[in-house]
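Next come the chains, spelled out residue by residue.
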Amino acid sequence: MWGLFFLLLVSGSVQGAAPNAAGIASAHPLATEAGREVIEAGGNAFDAAVAVSAALAVVEPYSSSLGGGGFWLLQRASDGRQVMLDGRERAPLAAHRDLYLDEAGEVVPGRSIDGALAAGIPGEPAALVHLAEHYGRLPLSRSLAPAIRLARDGFPVDRHYRRMAEWRLDALRSSPAAAGQFLHDWEIPAEGELIRQPDLASTLQLLADKGRDGFYAGELAQRLVKGVRDAGGIWSLQDLQQYQVVEREPIRGRYGELKIISAAPPSSGGVVLVTMLNILEGFQIDNLPRVQRVHLMIEAMRRAYRDRADYLGDPDFVDMPLQALTHPWYAAGLARDIQLERATPSTPQPVSKATEGADTTHFSIIDREGNRVAATLSINYPFGAAFVPAGTGVLLNDEMDDFSARPGVPNVYGLVGGEANAIGPGKRMLSSMSPTFVESDAGVAMLGTPGGSRIISMVLLAILELADGQPIAQWVRQPRFHHQYLPDRVEYEAGAFDDKTVTELQSMGHILHRLEREYGNMQALYWDRRSGQVTGASDPRGSGRTVIW
Ligand code: GLY
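Residues numbered from 1 in each chain as written. Predicted model: local features only at pLDDT ≥ 70, side-chain atom pairs only at ≥ 80, totals over all residues. Heavy atoms only, no water.

Enquirer: Teacher, can you tell me more about the nonpolar core here?
Expert: One broad rule of soluble globular proteins: the nonpolar side chains tend to lie buried together. Counting 86 residues, the largest nonpolar core has Trp72, Leu144, Leu204, Phe363, Ile365 and Val373 as the members making the most contacts within it. It is helix 3 (residues 45-59) that provides the largest number of residues to this core, a total of 12 residues. Apart from the residues within four sequence positions on either side, Phe363 is in contact with Ala25, Ser26, Ala49, Val52, Ser53, Leu56, Trp72, Val373, Ala374, Ala375, Leu377 and Gln523. With 81 residues, the next largest nonpolar core counts Ala300, Ala331, Tyr526 and Trp527 among its residues. (Core = buried A, V, L, I, M, F, W, Y, C linked by side-chain atoms within 4.5 Å. Buried < 20%, exposed > 50% of the residue type's maximum accessible area, 1.4 Å probe, protein only. Helix = DSSP H or I, 4+ residues; strand = E, 2+ residues; numbered from the N terminus. Contact = heavy atoms within 4.5 Å.)

So, in structure tokens, the structure goes:
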């Protein structure tokens, strides 16, 4: 008996059972504080996830909202259960595949982006209720309290808020309720001015008091539907009543010793990520010179992103060969035509666009019991559809733009959008959001980022840094590059490649496109199982905050 105890102690199994600290990394300091407050009040990581999600919906309205959705990847310490909570938006029941086309069959610019017709049925409120009821320890009202306070008392405008509002100013001005909520006298508020959202505070309070019915039924639901329909949208009360979150089995893969657990469809994230890693594993890239390594990473991205459009969509509507797509043998087949010295040109073939809006948000949480959450939430474009139904305070998403608007019809490049992601009543639109856990005997990482279609390649780059033994600050800060099959070019941040690498990649046939701006806002945590220590990092490109305590 004592022998067994001693054995466990020296093997680290006892010491490594739980982290010696809790940690939260989120894109906004006030959201991180909301999560800490709830853990300190006796909540677990799932209660904190409710608090952080709701606070982000208040203080980062350009990234997520109660009127949006997301994916919450969970690990419950007590039984090791891992699940992806799918709170993705759904198309309204009155939606149809030609919703955004004119009589000539052309996509009407802006129709799936600005205003009430662009909005899918929100999933975030249902997901928060589900998290609290099935995984949390505190009442929903306690976990929502910080967000209610922030909505009622206000938060100060910062430079990023101003930049996002500037980008969406015309659209915000088209919705009187959105303009009243996010602008001051129809203008962008100055830095430091407070954004108070009394209607949103009341809506959050309804959710806290009544749970799901506070949002999806009763007076608020009627206001949401009336506001949408009066502005040309197609929501019905039935849409709201029918909305359900779904618990889905995450996508799993391996990269050497690392276990990858990531987002399942309707996100393409996990499948594309695992495919890229499977391709790279076949090349043993660790010992290769930098340029060779980068070349292979680009070729892996090219091939995995190509598949995304061919196969992926809402699993409740589309049969997908997920086991095959994430199998190393399949990746070996994809890799067969990779040349070590030459870029493979991308040829026009059926693919849909992979450009989901860049404004989304991510947070990672771990508590002292080892419960963990990686969650990526979105309303698509900055400030979503820039539309608020009067009297609700709920900023609506424009996630309908993530469907392929013209499946089967060639666009100007001769490309055909993916049928799997065609618009259908009640269907969830394909996403790139990729909340991810990476596990090994040594430790566990929780990570993710906003960034539209680039999300998945950003998570790949971070995992490769982790595999290289780099510190967590490097995962989030490294200069990034991306290829998504089409357009056939490598987009890269300043500093991603030195001059020699640029020249060598070009001589291999890669088309390089240096971006004017940085992208992404990764929030990552790492629990070292051997020491129990938790570390974390918020992307220096954003103004997020990590706390470990
Ligand atoms: N709208 C961003 C995404 O779902 O990937």
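Enquirer: Looking at this model, I keep getting lost on the site of the ligand. Mind explaining?
Expert: Looking at the ligand, there are 10 residues lining it, with Asn380, Glu399, Asp402, Ser431 and Ser432 nearest. Separating a nitrogen atom of the ligand from a side-chain N or O atom of Asn380 is a distance of 2.9 Å. Backbone polar atom of Ser432 to an oxygen atom of the ligand: 2.8 Å apart, as the coordinates give it. Surface burial for the ligand is 100%, taken as the share of its 200 Å² of free accessible area covered by protein chains. Across the shell around the ligand, the residue classes tally to 1 nonpolar, 5 polar and 4 charged. (Near = heavy atom within 4 Å. Polar contact = N/O pair within 3.5 Å; in protein donor to acceptor, adjacent residues only side chain to side chain. Areas by Shrake-Rupley, 256 points an atom, 1.4 Å probe, with all protein chains shown as cover. Nonpolar A, V, L, I, M, F, W, Y, C, P; charged D, E, K, R; others polar.)

Enquirer: In this structure, what is going on with the UniProt feature "active site" (unreviewed entry) in the protein? I would like to understand it.
Expert: Mapped onto this numbering, the UniProt entry gives "active site" (unreviewed entry) at Thr360. Tracing the chain through its elements places Thr360 in strand 9 (residues 360-366). Dropping the residues within four chain positions of it, Thr360 is found in contact with Ser63, Thr376, Leu377, Ser378, Met433 and Pro450. At a separation of 2.9 Å, a polar atom in the side chain of Thr360 contacts the side chain of Ser378. (UniProt positions renumbered as here; feature names shortened; annotations may be inferred.)

Enquirer: Would you take a moment to explain the sheet that holds strand 12 (residues 443-447) for this structure?
Expert: Across a sheet, strands are paired by hydrogen bonds formed along the backbone, either parallel or antiparallel in direction. Strand order in this open sheet of 6 strands is 7-8-11-12-16-17, and the pairing throughout is antiparallel. Here the strands that pair on one side only, and so sit at the sheet edges, are strand 7 (251-255) and strand 17 (534-538). The average undirected angle you get between the axes of adjacent strands in this sheet is 15°. Across 5 bridges, the pairing between strand 7 and strand 8 (residues 258-262) is antiparallel. Paired with Gly253 across the two strands is Ile260, which belongs to strand 8. Lying on the sheet, helix 13 (residues 269-281) is in contact with strand 7, strand 8 and strand 11 (436-439); it crosses strand 7 at an angle near 20°. (Pairing = 2+ DSSP bridges. Axes fitted to C-alpha atoms, helices over the stretch in contact; angles between N-to-C directions.)

Enquirer: Would you take a moment to explain the pairing of strand 2 (residues 69-75) for this structure?
Expert: Residues in a regular strand project their side chains so that they alternate between the two faces of the sheet. For strand 2, a buried count of 7 out of 7 residues is recorded, marking the element as mostly surrounded by other parts of the structure. Here 7 bridges tie strand 2 to strand 10 (residues 372-378), and the two strands are oriented antiparallel to one another. Across the sheet, Trp72 pairs through a bridge with Ala375, a residue of strand 10. Here strand 2 runs beside strand 3 (residues 82-87); their pairing, made up of 6 bridges, is antiparallel. Along strand 3, the bridge assignment pairs Phe71 with Asp86. In textbook terms, the turn of a hairpin is the stretch between consecutive antiparallel strands, and for strand 2 and strand 3 this stretch comprises 6 residues, one of which, Gly80, has a positive phi near 75°.

Enquirer: Would you take a moment to explain the side chain of Thr361 for this structure?
Expert: Turning to its location among the elements, Thr361 is positioned in strand 9. Contact partners of Thr361, with chain neighbours within four places excluded, come to Ala27, Leu56, Glu60, Ser63, Ser64, Ala375, Thr376, Leu377 and Pro450.

Enquirer: Could you clarify how one ought to interpret helix 13 in this entry?
Expert: Because an α-helix packs 3.6 residues into every turn, residues spaced three or four apart end up facing the same way. End to end, helix 13 covers 18 Å across 13 residues, agreeing with the expected 18 Å (1.5 Å per residue, within 8%). Of all 13 residues making up helix 13, 12 are buried, and the element is well covered by its neighbours. Looking at helix 13, one finds that the buried residues are Gly269, Gly270, Val271, Val272, Leu273, Val274, Thr275, Met276, Leu277, Asn278, Ile279 and Leu280. (Expected span 1.5 Å × (residues − 1).)

Enquirer: I'm lost on the environment of Val129 in this one. Help?
Expert: By the secondary structure assignment, Val129 is in helix 4 (residues 124-134). A relative accessible area of 5% places Val129 in the buried class. In this structure the C-alpha to C-alpha distance between Val129 and Asp213, which are 84 residues apart in sequence, comes to 10.0 Å.

Enquirer: Honestly, the sheet that holds strand 13 (residues 481-482) in this entry has me stumped. Any pointers?
Expert: In space, the 3 strands of this open sheet follow the order 13-14-15, with mixed pairing throughout. The open sheet is flanked by strand 13 and strand 15 (512-514), the only strands paired with a single partner. As paired elements, strand 14 (residues 490-492) and strand 15 share 3 bridges and run parallel to each other. Looking at strand 15, one finds that Tyr492 is bridged to Arg514.

Enquirer: Can you walk me through the packing of helix 13 against helix 16 (residues 328-335) in this structure?
Expert: Relative orientation and spacing of two packed helices are given, respectively, by the angle between their axes and the distance between those axes. Between helix 13 and helix 16, whose axes approach to 8 Å, the crossing angle comes to 70°. Classed by the angle they form, the pair helix 13 and helix 16 counts as roughly perpendicular. The handedness of the crossing between helix 13 and helix 16 is right-handed. Touching Thr275, Asn278 and Ile279 of helix 13 are Pro328, Ala331, Leu334 and Ala335, all from helix 16. When its residues are assigned to classes, the contact of helix 13 with helix 16 shows 5 nonpolar, 2 polar and no charged. (Parallel < 35°, antiparallel > 145°, perpendicular 65-115°, else oblique. Left-handed = near helix turned anticlockwise from the far one by under 90°.)

Enquirer: Whenever I open this one, helix 16 confuses me. Can you help?
Expert: If you check which residues of helix 16 are buried, you get Ala331, Leu334 and Ala335. All buried residues of helix 16 project into a common sector of 95° when viewed along the axis, lining one side. Where helix 16 is buried, its residues touch helix 13 and helix 14 (290-311). (Arc of directions from axis to C-beta.)

Enquirer: Explanation requested: the packing of aromatic side chains in the structure shown.
Expert: Two aromatic rings are characterised by how far apart their centres lie and by the angle between their planes. Evaluated as defined, the whole model comprises 11 aromatic pairs. Measuring from ring centre to ring centre gives 5.2 Å for Phe481 and Phe497, while their planes differ by 45°; the resulting arrangement is tilted. Of this pair, Phe481 sits in strand 13 while Phe497 sits in the loop between strand 14 and helix 19 (499-507); the two residues are 16 residues apart in sequence, bridging distant segments of the chain. As far as burial versus exposure is concerned, Phe481 and Phe497 are alike and both buried. An aromatic cluster of three or more residues is present, and its members are Tyr62, Phe155, Tyr161, Phe182 and Phe383. Between Arg372 and the ring centre of Phe437, over which it is positioned, the NZ or CZ distance is 4.8 Å. Taking the ring centre of Trp527 as reference, the NZ or CZ of Arg529 above it sits at 5.5 Å. (Phe/Tyr/Trp six-rings, centres within 6.5 Å; stacked < 30°, edge-to-face > 60°. Lys NZ or Arg CZ within 6 Å of the ring centre and 35° of its normal.)

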